Number of protein chains: 2
Amino acid sequence: MPEPERAAPVHSDAPPPEGLLDAFWRYERALMADDVPELDALFAAGPWTMRGDAAGLLVGHDGISAFRRGRGGAPQRRVAAVHVRVLGPDTASIVAELAPAAGGRGLQTQVWRRSAAGWQVVVAQVSGPPAAIDSRIWREVGTPLVAGSGAGPLVGRRVAVKDLFAVRGHRIGAGVPAWLAEAPVETATAAAVQRLLDAGADVAGIARTDEFAYSIAGANPHYGTPPNARVPGALPGGSSSGPASAVALGQADIGLATDTGGSIRVPASYQGLWGLRTTHGRIARDGLLPLAPSFDTVGWLTRDRAVLAACARVSAVGVPAVAAPDRFAVAPGLLAGLEVPVRDAILGWAARTEAEAVDLGDVASAQEAFRVVQAFEAWQADGAWLDMHPGAVSGAVAARFRVASRVSRDDAARAQEALAAHRDRIARALDGAILLLPSAASVAPSSTADPAAVEAVRAQTLRLTCVAGVLGAPALSAPLLELDGAPLGVCLVGPRHSDDALIHRAAALPVP
Amino acid sequence: MPEPERAAPVHSDAPPPEGLLDAFWRYERALMADDVPELDALFAAGPWTMRGDAAGLLVGHDGISAFRRGRGGAPQRRVAAVHVRVLGPDTASIVAELAPAAGGRGLQTQVWRRSAAGWQVVVAQVSGPPAAIDSRIWREVGTPLVAGSGAGPLVGRRVAVKDLFAVRGHRIGAGVPAWLAEAPVETATAAAVQRLLDAGADVAGIARTDEFAYSIAGANPHYGTPPNARVPGALPGGSSSGPASAVALGQADIGLATDTGGSIRVPASYQGLWGLRTTHGRIARDGLLPLAPSFDTVGWLTRDRAVLAACARVSAVGVPAVAAPDRFAVAPGLLAGLEVPVRDAILGWAARTEAEAVDLGDVASAQEAFRVVQAFEAWQADGAWLDMHPGAVSGAVAARFRVASRVSRDDAARAQEALAAHRDRIARALDGAILLLPSAASVAPSSTADPAAVEAVRAQTLRLTCVAGVLGAPALSAPLLELDGAPLGVCLVGPRHSDDALIHRAAALPVP
């Protein structure tokens with residue numbers, strides 16, 4: 001058993017109460033040995049005990065204990081110095097300066113209290129040395145990685161580029177290590193990246209995506225799941241997970257991303273960001289690795305509505321903008337399957353816009369046709385490579401590609417025909433109104449949620465997100481609602497090429 | 001005046017004592033308004049009050065107040081939630097979840113106490129969201145930036161490459177933004193980088209240097225001064241400041257660096273690392289931006305002696321290794337001008353190695369000859385460019401280049417002749433023994449120290465470091481001593497090409 005107390009100087013403003021330092025060093029030894037029962041015994045029982053770190057605050061002994069059981073031990077460290085502040089006969093605060101074995105310094109503040117159970121921690125905050133790069137969020141970062149080349153409205157803004165876009169001198173990784181290992185160094189920069197550079201923005205770095213962007217969860221087994229900056233322990237949303245987390249954490253101002261089936265709207269919703277899926281064809285896709293070209297769109301994630309507006313304005317290829325109508329619509333039938341709090345939140349909010357109820361008909365069939373076409377095109381894009389690289393993608397994404405491999409060209413053609421009919425019917429039902437719906441079927445699920453539960457939420461969310469995909473219409477996610485403190489985006493689906501107008505219109509939407 | 005308390009939910013395990021929350025919100029308002037007198041009044045007076053953050057722990061009200069006065073305000077933030085734990089009628093802990101205006105989340109733990117002065121903070125720890133990249137330390141970082149290409153002894157080790165070495169596909173920045181702006185993308189990787197890649201190491205990133213490496217302080221006015229990972233608020237040492245801080249913080253395992261006049265030994269000493277200045281000519285310099293080729297050497301900074309040994313072994317160009325002698329020497333005359341604690345520390349320690357006292361003669365003259373040759377060569381390397389880019393370098397480095405611009409070719413030739421004589425005399429005095437001396441004349445000075453004081457320490461340090469430069473000999477800095485908790489390196493200068501043997505020998509040195 002290590003004896004960490006041997007070396008550390010102890011500074012105390014008064015003689016430490018009996019047993020306090022013994023308890024402190026017992027805790028330290030237990031932490032280094034990952035002795036969870038001992039650690040649990042040294043933290044006060046009950047719902048008020050708190051432990052905070054860079055990932056957030058845990059409140060309650062049970063949650064703290066579960067965290068300890070799940071993490072597989074704390075990083076090894078030495079206590080470099082101890083500072084005791086005696087607050088009373090049975091209360092003290094101890095600040096420890098920490099020397100992690102892996103370098104750098106850490107800091108730990110504890111509040112200790114003596115009860116019948118002996119000395120126990122009631123409040124703790126710990127911080128360790130920062131990593132050079134958070135590899136869950138980023139693949140490469142620079143100061144900047146690529147400097148802006150213009151003097152436009154985006155000067156000083158930092159862009160996190162989803163790892164599907166070409167950046168000259170860098171590779172495309174697509175969230176798949178085996179793909180990255182074979183990827184060539186790009187010789188030209190993607191058009192959508194260049195537009196932002198020309199407007200003065202800097203590329204801060206290249207950020208993570210779900211494997212081949214074929215997911216909306218935001219999990220990546222190779223690089224780790226990016227943190228949800230708003231809901232500790234929750235999924236970030238995907239597939240534009242890295243750009244979303246980077247923007248939500250303030251590590252970038254703009255996430256340059258793609259949305260095929262929800263990959264911008266879902267992380268925007270989960271992390272309280274603005275996000276725009278653009279009108280199909282409005283933004284050039286040169287230099288973008290495709291997933292499903294019938295539905296692939298370029299868009300952005302931002303904390304600030306005006307920054308999103310500037311991105312949309314400087315990036316459009318030249319198709320004239322269309323005004324947004326004055327009328328809003330909701331589709332109660334589309335929302336019928338949602339959890340009650342989500343449905344109530346969106347319907348309650350939409351009522352304040354005087355949204356008219358419309359019937360979009362059989363969206364489930366539209367969703368199925370969307371799924372078939374997306375699957376066929378995804379296999380066209382990546383199937384040959386995947387066949388030559390068994391095991392390169394994992395879990396739900398691998399399962400999705402297996403299903404995709406069995407979609408025939410005839411299946412896809414029939415689904416495209418069906419989509420055209422759904423498109424006409426939904427457009428007629430909307431009659432030019434802006435459709436209001438939640439950007440996702442739920443707030444962000446826990447990152448330790450059961451895969452089956454994540455898959456169920458995915459299906460519900462895709463029912464919502466497919467509407468814009470079927471229409472080829474712009475869809476803006478606005479961070480306007482919260483459920484129990486977790487963000488829920490409101491999605492505005494407008495007429496084709498009303499992108500700019502939608503963002504403008506959102507400024508006047510009711511705020512709860 | 002903002003009213004931050006309007007929105008935040010307050011959770012408390014018991015009714016908060018009267019006045020506590022008022023004081024908490026007063027503090028929050030004062031912080032947002034940078035009202036230092038009010039902040040000072042809300043922190044308890046005296047030497048025991050503590051405030052910790054990612055930069056380290058401040059102990060004592062005065063130091064905390066000085067920090068507040070110097071920083072120009074805290075980042076704007078909103079309090080998202082408040083958790084009160086009542087510890088007694090006059091004691092409470094308040095944990096606040098913070099929503100910084102720039103994104104992400106922060107956390108703040110405070111211990112409050114009521115006295116005649118009212119409610120005051122006695123202990124506080126605060127953490128904010130991490131940056132994407134610490135631009136003081138790094139210019140570019142990847143996961144990795146360049147993957148290792150071999151299966152040698154350095155597999156899994158991460159290299160921070162000083163921004164003087166070519167890395168294919170990247171530019172050389174040399175610590176000078178105007179240089180970087182014009183730098184071409186490198187088409188080949190420097191030999192010293194490639195050796196590490198071939199041995200299995202990954203390049204984690206490109207790390208900061210003092211401007212054109214012409215300093216040993218570690219300050220850089222363009223990118224910010226890297227933090228000293230061991231001594232909060234102190235200079236990191238330079239010119240290999242970025243690699244040194246990266247390794248000391250655990251953000252890399254190997255700092256690939258250069259040492260002309262101390263640029264590896266000084267940061268190693270200041271931050272408690274192993275560092276090797278190699279035998280002149282032992283490591284290839286292809287792809288390295290020169291400072292003063294008569295003295296430029298390649299070397300490494302590590303936390304671990306064995307990793308340093310592996311770097312030296314895999315990187316040598318093929319000159320046979322030489323054994324290290326069994327005998328140690330100290331030069332009391334060389335140490336005469338040092339501060340007493342430094343001199344006592346090194347002499348006391350060296351006595352345990354049975355080091356013999358030697359007289360190296362007039363090292364001051366050798367130092368001057370070294371300075372003249374270095375200055376001449378530095379101006380040869382960078383003068384033409386500097387003439388065309390007025391203002392590109394700043395402060396002490398600019399002053400040094402101005403002096404350098406006035407050194408004539410004849411001055412340099414005379415200094416080279418003098419150096420040859422010094423070399424012979426010093427080598428005779430050492431008679432094959434390993435010279436022991438401090439790696440720097442002091443522990444790390446404060447980063448807010450008076451420039452004149454930094455310059456005085458620099459001159460004293462260069463007196464020590466020039467010996468290896470004059471001899472073309474290897475110099476190992478070993479992290480063996482501390483003065484009041486701040487590291488001080490012990491330097492071993494051995495015969496030419498005894499690099500590997502010096503590192504081996506250091507394993508058996510006495511530890512205080």
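No experiment lies behind these values; they were computed from the predicted model shown.

Conventions used here
Residues numbered from 1 in each chain as written. Chains lettered and ligands numbered in written order. Predicted model: local features only at pLDDT ≥ 70, side-chain atom pairs only at ≥ 80, totals over all residues. Helix = DSSP H or I, 4+ residues; strand = E, 2+ residues; numbered from the N terminus. Rg over C-alpha atoms; globule rule 2.2 N^0.38 Å. Buried ≥ 20, exposed ≤ 12 C-beta atoms within 10 Å, placed from the backbone. Axes fitted to C-alpha atoms, helices over the stretch in contact; angles between N-to-C directions. Parallel < 35°, antiparallel > 145°, perpendicular 65-115°, else oblique. Contact = placed C-beta atoms within 7 Å. Nonpolar A, V, L, I, M, F, W, Y, C, P; charged D, E, K, R; others polar. Pairing = 2+ DSSP bridges. Least-squares fit on C-alpha atoms with pLDDT ≥ 70 in both. Domains from an automatic or database assignment.

**Q** Would you mind going over the overall build of chain A with me for this structure?
**A** Counting its regular elements, chain A contains 15 helices and 18 strands. Expected size for 512 residues packed as a compact globule is a radius of gyration near 24 Å; at 25 Å, chain A falls within 12% of this value. Once the C-alpha set of chain A is aligned to its principal axes, its extents read approximately 80 × 50 × 50 Å. Within chain A, the proportion of its 512 residues that are buried is 56%.

**Q** Is there a simple way to think about the packing of helix 11 (residues 363-388) of chain A against helix 12 (residues 395-404) of chain A in this case?
**A** Axis angle and axis distance: for two packed helices, these are the angle between their axes and the distance between the axes, and together they describe the pair. All names here are of chain A. At a minimum axis distance of 9 Å, the contact between helix 11 and helix 12 shows a crossing angle of 105°. With respect to their mutual orientation, helix 11 and helix 12 come out roughly perpendicular. Facing helix 11, whose interface residues are Ala375, Phe376, Ala378, Trp379, Asp382 and Leu386, helix 12 presents Phe401, Val403 and Ala404. In the contact of helix 11 with helix 12, the residues fall into 8 nonpolar, no polar and 1 charged.

**Q** Please explain the environment of A:Trp48 as it appears in this structure.
**A** Residue placement: A:Trp48 occurs in the loop between helix 2 (36-42) and strand 2 (50-53). The exposure class of A:Trp48 is partly exposed, given the 19 C-beta atoms found within 10 Å. Sequence spacing of A:Trp48 and A:Val231 is 183 residues, and the spatial spacing of their C-alpha atoms is 19 Å. Residues within four places of A:Trp48 in sequence aside, it is in contact with B:Asp13 and B:Arg85.

**Q** Looking at this structure, how should I read the interface of chain A and chain B?
**A** The extent of an interface is frequently quoted as the accessible surface area lost upon association of the parts. Facing the 56 residues of chain A at the interface are 56 residues of chain B. When its residues are assigned to classes, the side of chain A that touches chain B shows 29 nonpolar, 18 polar and 9 charged. For strand 8 (residues 138-146) of chain A and strand 8 (residues 138-146) of chain B, the ladder comprises 3 bridges, and the chain directions are antiparallel. By the bridge assignment, A:Val141 is partnered in strand 8 of chain B with B:Val141.

**Q** Looking at this structure, I do not really get the relation of the copies chain A and chain B. What am I missing?
**A** In this arrangement, two copies of a chain are superimposed by a rotation about an axis accompanied by a shift along the axis. The operation relating chain A to chain B is a screw motion whose rotation component is 180°, with 0.0 Å of axial translation and a residual RMSD of 0.1 Å. Taken together, the rotation and translation describe the operation of a two-fold axis. Within chain A, A:Val141 has its C-alpha nearest the rotation axis, a separation of 2.6 Å. A symmetric contact is evident, with 100% of the interface residues of chain A recurring at the interface of chain B.

**Q** Please explain helix 5 (residues 191-198) of chain B as it appears in this structure.
**A** Residues and elements named next belong to chain B. With 6 of 8 residues buried, helix 5 is to be regarded as a mostly interior element. Listing the buried residues of helix 5 in full gives Ala192, Val193, Gln194, Arg195, Leu196 and Leu197. If you follow the buried residues of helix 5, they end up packed against strand 8, strand 9 (158-162), strand 10 (202-207), strand 11 (254-259), strand 13 (297-302) and helix 8 (305-315).

**Q** What should I look at first to understand the pairing of strand 16 (residues 434-438) of chain A in this one?
**A** A regular strand carries its side chains on alternate faces of the sheet. All names here are of chain A. Most of strand 16 is tucked away, with 5 of its 5 residues classed as buried. Along strand 16, one buried face is formed by Ile434, Leu436 and Pro438 and the opposite face, lined by Leu435 and Leu437, is buried too. Here strand 14 (residues 328-330) runs beside strand 16; their pairing, made up of 3 bridges, is parallel. Note on strand 16: the bridge partner recorded for Val330 is Leu436. In the sheet, strand 16 pairs with strand 18 (residues 486-493) via 4 bridges, with the strands oriented antiparallel. Paired with Leu437 across the bridge in strand 18 is Cys491.

**Q** Any chance you could explain the domain arrangement of chain A here in plain terms?
**A** For chain A, the domain assignment lists domain 1 (4-127) and domain 2 (138-506). Distance between the C-alpha centres of domain 1 of chain A and domain 2 of chain A: 42 Å.

**Q** Got a minute to help me understand the environment of A:Arg327 in this structure?
**A** Here A:Arg327 is to be found in the loop between helix 8 (305-315) and strand 14. Apart from the residues within four sequence positions on either side, A:Arg327 is in contact with A:Glu356, A:Ala433 and A:Ile434.

**Q** Could you clarify how one ought to interpret the environment of B:Asp382 in this entry?
**A** Residue and element names in this part refer to chain B. With respect to the element layout, Asp382 can be found in helix 11 (residues 363-388). A tally of 25 C-beta atoms within 10 Å means that Asp382 is categorised as buried. Each C-alpha atom of the pair Asp382 and Phe401 lies 8.7 Å from the other, and the pair is 19 residues apart in sequence. With near-sequence residues (within four places) excluded, Asp382 lies in contact with Phe212 and Phe401.

**Q** Whenever I open this one, the sheet that holds strand 1 (residues 10-12) of chain A confuses me. Can you help?
**A** Within a sheet, adjacent strands bond to each other through the backbone by hydrogen bonds, running parallel or antiparallel. Residue and element names in this part refer to chain A. Spatially, the 7 strands line up as an open sheet ordered 1-4-5-6-7-2-3, and their pairing is mixed. The open sheet has two edge strands, strand 1 and strand 3 (56-59), and neither has a second partner. Ignoring strand direction, the axes of neighbouring strands in this sheet form an average angle of 20°. With 9 bridges connecting them, strand 6 (residues 106-115) and strand 7 (residues 118-127) associate as antiparallel partners. Bridge pairing in strand 7 places Thr109 opposite Gln125. Of the strands in this sheet, strand 1, strand 4 (77-88), strand 5 (91-100), strand 6 and strand 7 are in contact with helix 1 (residues 20-32), which crosses strand 7 at around 55°.

**Q** What should I look at first to understand the pairing of strand 8 of chain B in this one?
**A** Residue and element names in this part refer to chain B. Burial analysis of strand 8 places 9 of its 9 residues in the buried class, the great majority of the element. Summarising the sheet, strand 8 and strand 10 pair through 4 bridges and their orientation is antiparallel. Residue pairing across strands places Trp138 opposite Ala207, the latter belonging to strand 10.

**Q** What am I meant to see in the sheet that holds strand 2 (residues 50-53) of chain B here?
**A** Residues and elements named next belong to chain B. Taken in spatial order, the 7 strands make up an open sheet running 1-4-5-6-7-2-3, and their pairing is mixed. Where the open sheet ends on each side, the last strands, each with one partner, are strand 1 (10-12) and strand 3 (56-59). Across the sheet, the mean angle separating the axes of adjacent strands is 20° when strand polarity is ignored. Looking at chain direction, strand 2 and strand 3 are connected through 4 bridges and run antiparallel. In the strand pairing of strand 3, Met50 is matched with Val59.

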